[in-house]
Amino acid sequence: MTTTKQIALITGANRGIGYETARLLGERGFTVLVGARSAARGAEAADKLRAAGIDARVLEIDATDTDSSTRAAAWIAAEFGRLDVLVNNAGISGGSFDKPSETNLDSLREVFETNVFGIVAVTNAMLPLLRNAPAARIVQVSSEVGSIGFLMDQQSPMWSAAAISYPASKAALNMVTAMYAKELWDTPIKVNAANPGYCATDFNGNSGFRTAEQGAQVSVELATLPADGPTGQLWGYRWGAEDDTVFGTLPW
Ligand SMILES: NC(=O)c1ccc[n+]([C@@H]2O[C@H](COP(=O)([O-])OP(=O)(O)OC[C@H]3O[C@@H](n4cnc5c(N)ncnc54)[C@H](OP(=O)(O)O)[C@@H]3O)[C@@H](O)[C@H]2O)c1
């Protein structure tokens, strides 16, 4: 099928920031592919989006299951032949914020499996489709918690954070982002890491001081960058900046 509508795939889109990203991109006229590891939870989210007038389809993708990404890419190829936007939003905290000296290796592996290996797997499965689009955008949903510069700044609110699993996974994801940006430097494709800021979702027992929609706005900005927009940056809310509602580039 050929369509002039832009196609966006958002992983982990059945709830939280991913759902809001799908909703906001849908409101901007995208056909949104609701990536979900549970077909049932994905279908429920897609139904809700369609009820709000959004062109939403569900796509079963578990970031830790490479075959599911391969199957999803084959489906997109047959249905649309291209992908305009990939938002790698699926992520886990692992629930462990132990001191480095007390790191649980199983938890560390689990977090890297989703937050790093999973993103590389999904990105590589989707790259041929992204290359088929006129000017694709890849958004890797990261965090300021992955910014070594920010966490090592004694004046930053994150100075007190000292745990390996989640911060190291997002720091690795930041490097992954930079490397894709370099490989794709001479193409129209832009690859950036998003910092949604601290948002109230299930991820943190709804303790965040921003809404999931506010967090999703960062991904939407990066998904819709103009041709002269940046690539290879960690970009989003600047927690600790004088006005923390301002978007900007964060230190790696
Ligand atoms: N909330 C924050 O304050 C915050 C701050 C900075 C960055 N982030 C990042 O933003 C992203 C979204 O977070 P959120 O707050 O919206 O979290 P959330 O409410 O916990 O939602 C996470 C989503 O990811 C999905 N997911 C988890 N593992 C997956 C896998 N292996 N394959 C596919 N989907 C998977 C979940 O699916 P199920 O429903 O099936 O579990 C869910 O849809 C994450 O990457 C997170 O690290 C969040």
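A short tour of the structure in this document, coming up. Remember, predicted model here, so these are calculated numbers, not experimental data.

## Focus on the site of the ligand
Phase 1: Neighbouring the ligand are 29 residues; Arg-15, Arg-37, Arg-41, Tyr-166 and Thr-201 lie closest to it.
Phase 2: Within the side chain of Arg-41, a nitrogen or oxygen atom sits 2.8 Å from an oxygen atom of the ligand.
Phase 3: Within the complex, the protein chains bury 96% of what would otherwise be the 910 Å² of accessible surface of the ligand.
Phase 4: Only α1 (16-27) and α6 (165-183) provide two or more residues apiece to the shell around the ligand.

## So, the packing of helix α4 (residues 105-132) against α6
Phase 1: As a packed pair, α4 and α6 sit with axes 9 Å apart at the nearest point and diverge in direction by 20°. By the angle between their axes, α4 is roughly parallel relative to α6. Classified by chirality, the crossing of α6 by α4 is right-handed. Of the residues in α6, those in contact with Ser-107, Leu-108, Val-111, Phe-112, Asn-115, Val-116, Ile-119, Val-120, Thr-123, Asn-124, Leu-127 and Arg-131 of α4 are Ser-165, Tyr-166, Ala-168, Ser-169, Lys-170, Ala-172, Leu-173, Val-176, Tyr-180 and Glu-183.
Phase 2: In terms of residue class, the contact of α4 with α6 is made up of 13 nonpolar, six polar and three charged.

## Brief notes about the side chain of Ser-69
Phase 1: In this structure, Ser-69 sits in helix α3 (residues 66-79).
Phase 2: Here Ser-69 falls in the buried class, since its relative accessible area comes to 0%.
Phase 3: Ignoring sequence-local partners within four residues, the contact set of Ser-69 consists of Ile-61, Ala-121, Val-122, Ala-125 and Met-126.

## Things to note about the environment of Glu-144
Phase 1: Here Glu-144 shows up in the loop between β5 (137-141) and α5 (148-151).
Phase 2: Under the relative-accessibility criterion, Glu-144 is labelled buried at 4%.
Phase 3: With 53 residues separating them along the chain, Glu-144 and Gly-197 place their C-alpha atoms 7.2 Å apart.
Phase 4: Engagement of the side chain of Glu-144 in a polar contact is seen with the side chain of Asn-195, the distance being 3.0 Å.

Thresholds applied
Residue positions within a chain follow its written sequence, with the count starting from 1. Reporting in this predicted model follows two pLDDT cut-offs: at least 70 for local features of residues, and 80 or more for side-chain atom pairs to be given and counted; totals over whole chains, interfaces and linings ignore these cut-offs and use all residues. Side-chain numbers come from the whole structure's heavy atoms, not from hydrogens or water. By convention in these notes, a residue is near a molecule or strand provided one of its non-hydrogen atoms lies within 4 Å of it. Any pair of nitrogen or oxygen atoms within 3.5 Å is treated as a polar contact; in protein, a donor-acceptor pairing is required on top of that, and neighbouring residues in sequence qualify only through side-chain atoms on both sides. Residue burial considers only the protein chains on display, and all accessible areas are found by Shrake-Rupley using a 1.4 Å probe. To qualify as a helix, a DSSP run of H or I must reach at least 4 residues; to qualify as a strand, a run of E must reach at least 2; elements of each kind are numbered from the N terminus. Under this scheme, a helix contributes an axis fitted over its contacting stretch, all axes are lines through C-alpha atoms, and angles between N-to-C directions fall in the 0 to 180 degree range. What sets the label is the angle itself: under 35 degrees gives roughly parallel, over 145 gives roughly antiparallel, 65 to 115 gives roughly perpendicular, and the rest give oblique. Note on convention: the crossing is left-handed when the near helix lies turned anticlockwise from the far helix by less than a right angle, right-handed when the turn is clockwise. Whether two residues touch is decided by their heavy atoms; if any such pair falls within 4.5 Å, the residues are in contact. Ten residue types, Ala, Val, Leu, Ile, Met, Phe, Trp, Tyr, Cys and Pro, are classed as nonpolar, four, Asp, Glu, Lys and Arg, as charged, and the remainder, Gly among them, as polar. Relative accessibility under 20% of the residue-type maximum defines a buried residue, over 50% an exposed one, and the middle range a partly exposed one, all with a 1.4 Å probe and only protein chains included.

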